[in-house]
Amino acid sequence: MGLVILMAVFVIGVIIGTPVAFALGIAAVSAFAYEGLPLLIAFQRITAGISVFSLMAIPFFIFAGELMFHGGIAMRLVRFASSAVGAVRGGLGVVNVMSSMLFGGISGSAVADISALGSILIPVMKKKGYDEDYAVNVTVTSSIAGIMIPPSHNMILYAVAAGGGISISQLFLAGVVPGVLMCVCLAITAYIVAVKRGYSAEKFPGFVVLFTHFVVALPGLLTAVIIVGGVLSGVFTVTESGAFGTIYALVVTVVVYRQLTWDKFKTAVVNSVKTTSMVMVLIACAAAFAYMLTYFQVPSKMIDFLSGISDNPIVIILLINLMLLLLGMVMDMAALILICTPIFLPVAQSLGIDPLQFGMILMMNLGLGLCTPPVGACLFVGCAVGKVPMESAVKSIWPFYIAILVALVLTTFIPQVSLALPMWLAG
């Protein structure tokens, strides 16, 4: 009955429009009260959830992304990508994917990717004769590169939700190949759809222009090198790396590019504080919720439930993928990471799946959920930026869904996709 109360209060809270963080907290406190557990323990779980040093990296990553969004780095990355691959048939679609891969590896946020790159590329694609639904679909689906390619604050959430036993630097490494693989699948799809619709190619500007755009974009690209390279080399912790990356982004946007005005800086600060506050409240309440899930032995019961359906590991992992996809369609990604990790990670480990690999499976599933109705944040933002009705975009987005699913299948059933790079660099 305690578990029923926990889940029922949470589901009802979400249905009636209560913020997910508050729904988690109210559900956890209700279950604590029903079981007769001291509410002091609930308070301790809530405070312990955010008393993790590695979480300090999240506000730095968010702030760095905001600075780069408002400081002109995105525009320079788009110019470099356009000069590199714009000559391909339907080149602006491929440029869109490549730009998302570059900017996602710096900002670590899918929504920031759409906001920054979508506002630049979607109007240009429309002007060049691309259909508006195509422009939005490419932008929306490629934006989840920011979730997979490091640095990604969602990976930090996963490491915390997993109990802190997973190395964040190893998670960053594990996300590189799946993220690039997904972008390659999306770029191929963008090219095929562009050829089918008869879109033209851009003229190659020449190697001199390509090199010039690369040099101009290089200071922005070095932000990712500092953040990710500092962690992987062991020079910085994740938090220190985020702090140095933020300082470097501030210097680049103010001194080098000179596009970060005082008003833009204030906007970046306010947006960062709002986003960080929402994430931290969510983590705190989810910690108490996860404690009750463990108290009611939900992970072991989930293992028994899935084992009762089939003893075939392939069937079980397909069921997990399906559950994550369905959940990703109706809930926020950060909340799902914090809720699903304590439930499904033990199941995955019982099947012999490495926690790093499962993390990538989780990220890609929930990232796809951001692009699907009815609650796909990236889909909503992309349609808003492109001024396209969501119904129109969804009708033609399915080839890009298939591209992400191909990358998901390869990541799920070929462990080396996620594990080869971490194992190689770890010696």
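Residues numbered from 1 in each chain as written. Predicted model: local features only at pLDDT ≥ 70, side-chain atom pairs only at ≥ 80, totals over all residues. Heavy atoms only, no water.

Looking up the protein in an unreviewed UniProt entry gives the name TRAP transporter large permease protein, with the organism given as Agarivorans albus MKT 106. Taken from UniProt, the Function (unreviewed entry) comment for the protein reads in full: "Part of the tripartite ATP-independent periplasmic (TRAP) transport system." (UniProt positions renumbered as here; feature names shortened; annotations may be inferred.)

Asker: Could you clarify how one ought to interpret the overall build of the protein in this entry?
Answerer: When helices and strands are tallied, the protein shows 22 helices and 0 strands. By the compact-globule yardstick of 22 Å for 427 residues, the protein fits well, its C-alpha radius of gyration being 21 Å. Along the first, second and third principal axes, the C-alpha atoms of the protein reach 70 × 50 × 45 Å. In the protein, the proportion of contacts linking residues at least 24 apart, taken out of those at least 6 apart, comes to 79%. As displayed, the protein has an accessible area near 17500 Å², and 72% of this comes from carbon and sulfur atoms. Averaging the positions of the 17 positive and the 14 negative side-chain charges in the protein gives two centres separated by 15 Å. (Helix = DSSP H or I, 4+ residues; strand = E, 2+ residues; numbered from the N terminus. Rg over C-alpha atoms; globule rule 2.2 N^0.38 Å. Contact = heavy atoms within 4.5 Å. Areas by Shrake-Rupley, 256 points an atom, 1.4 Å probe, with all protein chains shown as cover. Lys, Arg positive; Asp, Glu negative; His and termini not counted. Charge placed at Lys NZ, Arg CZ, Asp CG, Glu CD.)

Asker: I would appreciate a short explanation of the pattern of salt bridges in the present structure.
Answerer: Pairs can form between side chains of opposite charge whenever their charged atoms are close. Evaluated as defined, the whole model comprises 3 salt bridges. Between D263 and K266 there is a salt bridge, and its shortest N-O distance comes to 3.8 Å. Taken together, the positions of D263 and K266, both in helix α14 (residues 262-295) and 3 residues apart, correspond to about one turn of that helix. Its relative accessible area of 40% is what places K266 among the partly exposed residues. Sharing partners across several salt bridges, the network here consists of D131, D133 and R197. (Salt bridge = Lys/Arg side-chain N within 4 Å of Asp/Glu carboxyl O. Buried < 20%, exposed > 50% of the residue type's maximum accessible area, 1.4 Å probe, protein only.)

Asker: Could you clarify how one ought to interpret the packing of aromatic side chains in this entry?
Answerer: The geometry of two aromatic rings is summed up by the distance between their centres and the angle between their planes. Applying the stated criterion across every chain, the model contains 10 aromatic pairs. Through a chain of ring-to-ring contacts, three or more aromatic side chains come together here, namely Y130, Y134, Y199 and F400. A cation sits over an aromatic face here: R76 above Y257, 3.9 Å from the ring centre. (Phe/Tyr/Trp six-rings, centres within 6.5 Å; stacked < 30°, edge-to-face > 60°. Lys NZ or Arg CZ within 6 Å of the ring centre and 35° of its normal.)

Asker: It is not clear to me how helix α5 (residues 73-85) should be interpreted in this structure. Could you clarify?
Answerer: Think of an α-helix as 3.6 residues a turn; residues three or four steps apart then line up on the same face. With 13 residues, α5 should reach 18 Å at 1.5 Å per residue; the first-to-last C-alpha distance of 19 Å fits that figure. When we look at burial in α5, the residues that qualify are I73, A74, R76, L77, V78, F80, A81, S83 and V85. (Expected span 1.5 Å × (residues − 1).)

Asker: Any chance you could explain the nonpolar core here in plain terms?
Answerer: In globular proteins that are soluble, nonpolar side chains generally tend to be buried together. Counting 140 residues, the largest nonpolar core has Y134, Y158, M182, I320 and F358 as the members making the most contacts within it. Broken down by element, the residue count for this core peaks at 13 residues, all from helix α17 (residues 333-350). For M182, the contacting residues outside a window of four places in its chain are I144, A145, M148, M364, I404 and A407. (Core = buried A, V, L, I, M, F, W, Y, C linked by side-chain atoms within 4.5 Å.)

Asker: Is there a simple way to explain a nonpolar patch on the surface in this structure?
Answerer: On the surface, I314, L318, W398, I402, V406, V409, L410, F413 and I414 cluster together into a nonpolar patch covering about 780 Å² of accessible area. For the nonpolar patch, the elements supplying multiple residues, two or more each, are α16 (313-328) and α21 (398-413). With 6 residues, the single largest contributor to the nonpolar patch is α21. With respect to the helices and strands, the residue I414 is situated in the loop between α21 and α22 (416-425). You can call I414 partly exposed: its relative accessible area is 36%. (Patch = residues over 30% accessible without salt bridge, like charges linked within 9 Å, V, L, I, M, F, W, Y side chains within 5 Å.)

Asker: What's the story with the state of the cysteines in this structure? I'm lost.
Answerer: Throughout this description, disulfide means a covalent bond between two cysteine sulfur atoms. Taken as a whole, this structure holds 0 disulfides when the rule is applied. Sulfur of C340: no disulfide; nearest cysteine sulfur belongs to C285 and is 17 Å away. By relative accessible area, C340 is classed as buried at 2%. (Disulfide = S-S within 2.5 Å.)

Asker: I tried to follow the environment of V177 on my own but got confused; where do I start?
Answerer: Residue position: V177 is located in helix α11 (residues 168-197). What V177 contacts, discounting residues up to four positions off in sequence, is V417 and L421.

Asker: Help me understand the packing of α16 against α21 in this model?
Answerer: Between two packed helices, the angle of one axis relative to the other and the distance separating the axes together describe the packing. Following both chains from N to C, one finds α16 and α21 inclined at 140°, their axes separated by 12 Å at the closest point. By the criterion of interaxial angle, the relationship of α16 to α21 is oblique. Of the two elements, α16 crosses α21, and the hand of that crossing is right-handed. Residues I314, I317, L318, N321 and L325 of α16 lie in contact with α21, whose contacting residues are L405, L408, T412 and F413. Of the residues contributing to the contact of α16 with α21, the split by class is 7 nonpolar, 2 polar and no charged. (Axes fitted to C-alpha atoms, helices over the stretch in contact; angles between N-to-C directions. Parallel < 35°, antiparallel > 145°, perpendicular 65-115°, else oblique. Left-handed = near helix turned anticlockwise from the far one by under 90°. Nonpolar A, V, L, I, M, F, W, Y, C, P; charged D, E, K, R; others polar.)

Asker: Can you walk me through helix α15 (residues 298-309) in this structure?
Answerer: Its 12 residues give α15 an end-to-end C-alpha distance of 17 Å, which sits within 8% of 16 Å, the value for a rise of 1.5 Å per residue. Turning to α15, the residues buried within the fold contact α1 (2-15), α14, α16 and α17.

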